[in-house]
Amino acid sequence: DVKVTQSSRYLVKRTGEKVFLECVQDMDHENMFWYRQDPGLGLRLIYFSYDVKMKEKGDIPEGYSVSREKKERFSLILESASTNQTSMYLCASSLPFSKNIQYFGAGTRLSVL
Amino acid sequence: AQTVTQSQPEMSVQEAETVTLSCTYDTSENNYYLFWYKQPPSRQMILVIRQEAYKQQNATENRFSVNFQKAAKSFSLKISDSQLGDTAMYFCAFAAPSTSGTYKYIFGTGTRLKVLA
């Protein structure tokens, strides 16, 4: 079974802090994704990566950056956390091209105070 | 722009009954995939069913089936013989290639389904 592991289930940070959300997958997937999930808005794509050191902006990249130094790990960085970044963050991974089923982590619920 | 619309925020169904969740999408792409994902309360999102746009035959997975109407851009999910474990948030999603060739997903806003005993 594919396993996508997010380092924290719950996280509480203060406004202005630099925040790192980590995601690791164990199935050698080329593609990895970061979403945020908000009630009534569904899942919105922040960034994705299709290879080591390669990334592409999603629909809501503002205020976020990402890092992929190793194939299995994809980090989401909030350079200066703000209260409007309080949300559930979901990581996902997939094989490339037509083998595009996404496998999700359990999510990190981030509260920025 | 590609969009996915789920017009039913909440639904309920009696155990053992059948329920249909609606989804419409908008795209100018020809090469795309459609999905239904399930997110049980406090649990991970998992794939329910997947449909390739070039296939006319509707996908089925045990008690789950879709009604894919390509011309109408409609992709509904039918759950037969509903079980208490089907209680979850259901997301409809669309995926098409991005500029890098990676399939990029667009999700709907979700339908919260409650199965009643």
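Small disclaimer: the values here were computed from a predicted structure and weren't measured.

(A) The pattern of salt bridges, seen in detail. Taken as a whole and judged by the stated rule, the model has 11 salt bridges over all chains. With its nearest N and O atoms 2.9 Å apart, the salt bridge here joins A:D38 to A:R44. We classify A:R44 as partly exposed; its relative accessible area is 26%. As a salt-bridge pair, B:E52 and B:R50 come within 3.8 Å of each other at their nearest N and O atoms. Take B:E52: its relative accessible area is 14%, and that puts it in the buried class. Since its relative accessible area comes to 23%, B:R50 is described here as partly exposed.

(B) Main features of the nonpolar core. Residues and elements named next belong to chain B. In this structure, Y25, Y32, W36, F75, L77, Y90 and F94 are the most contacted members of the largest nonpolar core, which totals 27 residues. When residues of this core are traced back to their parent elements, those giving at least two are strand 3 (19–21), strand 5 (33–39), strand 6 (46–52), strand 8 (64–69), strand 9 (74–79), strand 10 (88–97) and strand 12 (111–116). Among the elements that line this core, the one with the most residues is strand 10, at five residues.

(C) Region of the structure containing the interface of chain B and chain A. Of the residues lining the interface, 22 residues belong to chain B; the matching set on chain A comes to 24 residues. At the boundary of chain B with chain A, the tally comes to one salt bridge. Two residues, B:K104 and A:D59, come together in a salt bridge whose shortest N-O distance is 3.4 Å. Linking chain B with chain A are nine residue pairs in polar contact (both at pLDDT 80 or more). Elements that contribute at least two residues to the side of chain B that touches chain A include exactly strand 5, strand 6 and strand 11 (103–107) of chain B. The greatest single-element share of the side of chain B that touches chain A, amounting to five residues, is contributed by strand 11 of chain B. Here the side of chain B that touches chain A is composed, by residue class, of 10 nonpolar, 10 polar and two charged.

Cut-offs used in this document
Residues numbered from 1 in each chain as written. Chains lettered and ligands numbered in written order. Predicted model: local features only at pLDDT ≥ 70, side-chain atom pairs only at ≥ 80, totals over all residues. Heavy atoms only, no water. Salt bridge = Lys/Arg side-chain N within 4 Å of Asp/Glu carboxyl O. Buried < 20%, exposed > 50% of the residue type's maximum accessible area, 1.4 Å probe, protein only. Core = buried A, V, L, I, M, F, W, Y, C linked by side-chain atoms within 4.5 Å. Helix = DSSP H or I, 4+ residues; strand = E, 2+ residues; numbered from the N terminus. Contact = heavy atoms within 4.5 Å. Polar contact = N/O pair within 3.5 Å; in protein donor to acceptor, adjacent residues only side chain to side chain. Nonpolar A, V, L, I, M, F, W, Y, C, P; charged D, E, K, R; others polar.

Keep in mind that these numbers describe shape and distance, not what the molecule does.
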